[in-house]
Amino acid sequence: MSQVIRVENIAQYVGQEVTVQGWVYNRTHKGKLVFLLVRDGYGFVQCVAFKNDLPAETFQTIVHIPQESSITITGVVRADERAPGIPGGYEIGITGFEVVQAAEEDYPIALKEHGVDFLLDNRHFWIRVPSQWAILRIRATIISAIREWLDDHGYINMDTPILTPSAGEDTTTLFETEYFDEGKVYLDQTGQLYNEANIFAFKKVYCFGPTFRAEKSKTRRHLTEFWMVEPEIAFCDLDQLMEIEEQFVSHIVRRVLERRQPELRALGRDVSALEKIVPPFPRISYDQALEMLAEIREQTTDPQQKQLLEIEWGSDFGAPHETALTQRFDKPVFVYGYPSAAKAFYMEPWPGRPEVCKSVDLLAPEGYGEIIGGSERISDPALLLRRLHEQNQPEEAYRWYIDLRRYGSVPHSGFGLGVERTVTWICGITHIRETIPYPRTIKRVYP
RNA sequence: UCCUCGGUAGCUCAAUUCGGCAGAGCGGUCGGCUGUUAACCGAUUGGUUGUAGGUUCAAGUCCUACCCGAGGAGCCA
């Protein structure tokens, strides 16, 4: 056996004999010639067998090898523009072939069109196909870029609890479970409140973990279990927060462009759209956004769309509004200064305009919409207490949270970035369920 | 929770206004072909039409109830 290579590095081995450990993704044969498309976890490479170059028995084995069989192939790498694959452009002329296991012949996923229902039921196999494999490789790169940027900029990772007491929020959107003799506890929706405690010890922190929402949302933008990274920064106001967010998001996109070109190509992603993602990002106020929406509604002829785009001052944007708005930009756009009534109680009021708060959402371009929600938090204990009462929140549950403001309070801000929505946008795909290995939606917990 | 659409072979779908033998392509298998890209050619394999009940000589098709899924809204990342 020659050196076992990773297919992603195949260009380094032209002219050499190498070994690939992997699986048969596709087989097609033409008389004395067989093409195998082999995946090794790192890429897809075409391997070619000529009858005259191999022992008769080996050739017959290759001709009949079932799809998805696990194999060890030895052969010589050559560049050939005709060769498909990821990265593609290289193929292996087979000199040795060993079967680890011949797969059963009824593998359900063909190289043909399939319906969503079928593919989701077979998610454990679906992740083997190039598009899903590419998306999940990009996801992993996005996650490592997130940690890399934060770790390099003075943020420390603080894991926040997943099992949390009620905190008095509307429990219909929380998954609950029994916790010994302590009654009900809930799966976390955010680590933010704990992170607000953490910054007073560590200054800049982030938590990164799964988040659970029991909302009965049934759209292409929702999962019941998703991953969110939540940085929180002491001595930081709303303007500084936006600067951080645009640097952060730009870094993530840049890393994907640097490290995942073959995967982006496999997905047919328009890379030029991603190359535009550099700071600064446009900033518009909620009021300006409303004016833009009014303009867009004027220009719309479709009566149904016109109705969907209706919005009154005070409401948060729905998906149609975000989509319409972001189609007008080729970079992510900040929308700041939302009505306080539409946002959480802990957001700092706008100076001189208490009906508006220092919140900011980042909406991804090309119609993708919200990927980040963030704000400057209230730093004054008396004001925080008043806002709690105004929103009828139970004071006792937030005792420790209010106390944070009594001992060295500072202006501070933070945000949450939804990993799967970011992956959806960067990959240029239409549905969030493809951005996580095993999606959990309101109708699916299998496999 | 509400609105819309759908469920027929392993998969993707068809089955004519008006009820009349359950079909095709793909996949799998066998054979042919030295450059395939979702190859092509020939043969072959393949069915509890989502479930239960009803109408009828006869139901994939009509009626009733239910189950399951998808898309969208609201809510959110």
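Keep in mind the model is a prediction, meaning the values are calculated, not measured. (Residues numbered from 1 in each chain as written. Chains lettered and ligands numbered in written order. Predicted model: local features only at pLDDT ≥ 70, side-chain atom pairs only at ≥ 80, totals over all residues. Heavy atoms only, no water.)

Novice: How should I be thinking about the overall build of chain A in this particular structure?
Specialist: Each helix and strand counted, chain A has 14 helices and 19 strands in total. Across chain A, every contact between residues at least 6 apart in sequence was considered, and the portion connecting residues at least 24 apart equals 68%. Here chain A displays about 21200 Å² of accessible surface, and carbon together with sulfur accounts for 50% of that area. (Helix = DSSP H or I, 4+ residues; strand = E, 2+ residues; numbered from the N terminus. Contact = heavy atoms within 4.5 Å. Areas by Shrake-Rupley, 256 points an atom, 1.4 Å probe, with all protein chains shown as cover.)

Novice: Before we go on, may I ask you to explain the protein's contact with RNA strand B in this structure?
Specialist: The full set close to RNA strand B counts 53 residues, and E91, K112, R213, R220 and R421 are the nearest of them. Backbone sugar and phosphate groups make up 50% of those atoms of RNA strand B lying within 4 Å of the protein. Contact distances for RNA strand B include 3.5 Å between a base oxygen and a side-chain N or O atom of E215. Looking at the surface near RNA strand B, the elements with two or more residues in it are β1 (17-30), β2 (33-39), β3 (44-50), α2 (116-121), β12 (225-234), α11 (319-326), β18 (369-377) and β19 (412-418). (Near = heavy atom within 4 Å. Polar contact = N/O pair within 3.5 Å; in protein donor to acceptor, adjacent residues only side chain to side chain.)

Novice: Explanation requested: the sheet that holds strand β11 (residues 204-212) in the structure shown.
Specialist: Strand pairing within a sheet occurs via backbone hydrogen bonds; the two strands may be parallel or antiparallel. Pairing is mixed in the open sheet, where eight strands are placed in the order β7-β11-β12-β19-β18-β17-β14-β13. The sheet terminates laterally at β7 (156-157) and β13 (283-285), the two strands that pair on one side only. Taken together, the five bridges between β12 and β19 define a ladder with antiparallel strand orientation. Residue pairing across strands places E232 opposite G414, the latter belonging to β19. (Pairing = 2+ DSSP bridges.)

Novice: Got a minute to help me understand the domain arrangement of chain A in this structure?
Specialist: The parts lose accessible area when they come together, and the size of an interface is often stated as this lost area. According to the domain assignment, chain A consists of domain 1 (7-101) and domain 2 (124-435). For domain 1 and domain 2, the distance between their C-alpha centres works out to 45 Å. Contact residues are listed per partner, giving 10 residues for domain 1 and nine residues for domain 2. Both sides of the domain 1 and domain 2 interface together cover about 800 Å² of buried area, and 61% of this is carbon and sulfur. (Domains from an automatic or database assignment. Buried area = accessible area lost by both parts, 1.4 Å probe.)

Novice: Help me understand the sheet that holds strand β10 (residues 184-187) in this model?
Specialist: With antiparallel pairing, the three strands of this open sheet are ordered in space as β8-β10-β9. Sheet topology places β8 (163-164) and β9 (176-178) at the edges, where each strand pairs with a single neighbour.

Novice: Which parts of the structure should I look at to understand the environment of F226?
Specialist: Among the secondary structure elements, F226 is positioned in strand β12. With 213 residues separating them in the primary sequence, F226 and P439 have C-alpha atoms 8.3 Å apart. Contact partners of F226, with chain neighbours within four places excluded, come to G209, P210, T211, R213 and E420.

Novice: So what exactly am I meant to see when it comes to the packing of aromatic side chains here?
Specialist: Aromatic rings considered in pairs are described by the distance between their centres and by the relative angle of their planes. This structure, assessed with the given rule, holds 20 aromatic pairs. Judged by centre distance (6.2 Å) and plane angle (75 degrees), the ring pair of F208 and W227 falls under edge-to-face. Placement of the pair is F208 in strand β11 and W227 in strand β12, with a sequence separation of 19 residues. Take W227: its relative accessible area is 29%, and that puts it in the partly exposed class. Measuring from centroid to centroid gives 5.8 Å for Y336 and W350, while their planes differ by 20 degrees, and the two rings are stacked. You can see Y336 sitting in strand β14 (residues 333-336) and its partner W350 sitting in strand β15 (residues 349-350), a full 14 residues away along the chain. Among the aromatic residues, ring-to-ring pairing joins Y194, F345, Y346, Y398, W400 and Y401 into one connected group. The ring of Y338 has K343 lying over it, and the distance from NZ or CZ to the ring centre is 4.3 Å. Between the NZ or CZ atom of R405 and the centre of the ring of Y401, over which it lies, the distance is 4.3 Å. (Phe/Tyr/Trp six-rings, centres within 6.5 Å; stacked < 30°, edge-to-face > 60°. Buried < 20%, exposed > 50% of the residue type's maximum accessible area, 1.4 Å probe, protein only. Lys NZ or Arg CZ within 6 Å of the ring centre and 35° of its normal.)

Novice: Looking at this structure, how should I read the pairing of β19?
Specialist: Summarising burial for β19: seven of the seven residues are buried, a large majority. Judged by which residues are buried, β19 turns out to be covered on both faces: H412, G414, G416 and G418 on one side and S413, F415 and L417 on the other are all buried.

Novice: Honestly, a nonpolar patch on the surface in this entry has me stumped. Any pointers?
Specialist: A cluster of nonpolar residues, L163, Y179 and F180, forms a patch on the protein surface that exposes about 350 Å² of accessible area. Relative accessible area serves as the criterion here: at 73%, F180 is assigned to the exposed category. (Patch = residues over 30% accessible without salt bridge, like charges linked within 9 Å, V, L, I, M, F, W, Y side chains within 5 Å. Salt bridge = Lys/Arg side-chain N within 4 Å of Asp/Glu carboxyl O.)

Novice: I keep staring at the packing of helix α4 (residues 130-152) against helix α6 (residues 238-259) and nothing clicks. Help me out?
Specialist: In a packed pair of helices, the relevant descriptors are the angle between the two axes and the axis-to-axis distance. Orientation of α4 relative to α6, taken along the N-to-C sense of each, is 135 degrees, at an axis distance of 9 Å. With respect to α6, the element α4 is oriented oblique. You can see that α4 and α6 cross each other, and the crossing is right-handed. Between α4, through I138, T141, I142, A145, I146, E148, W149 and L150, and α6, the contact on the second element is made entirely by I244, Q247, F248, H251, I252, R255, V256 and R259. When its residues are assigned to classes, the contact of α4 with α6 shows 10 nonpolar, three polar and three charged. (Axes fitted to C-alpha atoms, helices over the stretch in contact; angles between N-to-C directions. Parallel < 35°, antiparallel > 145°, perpendicular 65-115°, else oblique. Left-handed = near helix turned anticlockwise from the far one by under 90°. Nonpolar A, V, L, I, M, F, W, Y, C, P; charged D, E, K, R; others polar.)

Novice: Mind showing me how you'd approach unusual backbone geometry here?
Specialist: Trans peptide bonds make up most of the peptide bonds, and negative phi angles are found at most residues other than glycine. Here P279 and P280 are connected by a cis peptide whose omega angle stands at -5 degrees. Here P280 lies in the loop between α8 (271-275) and β13. Even without being glycine, F180 reaches a positive phi, approximately 45 degrees. Relative to the helices and strands, F180 resides in the loop between β9 and β10. Its identity as a non-glycine residue notwithstanding, E366 has a phi of 60 degrees, on the positive side. Looking at E366, the relative accessible area reads 36%, which means it is partly exposed.

Novice: I would appreciate a short explanation of the pairing of β10 in the present structure.
Specialist: Two faces belong to every sheet, and in a regular strand the side chains alternate between them. Bridging between β8 and β10 involves two bridges; their strand directions are antiparallel. Its bridge partner lying in β10, L163 is registered against L187. Sheet topology note: the β9/β10 ladder contains three bridges and is antiparallel. Its bridge partner lying in β10, E176 is registered against Y186. Between the end of β9 and the start of β10, which pair antiparallel, lie five residues, with F180 showing a positive phi angle near 45 degrees.

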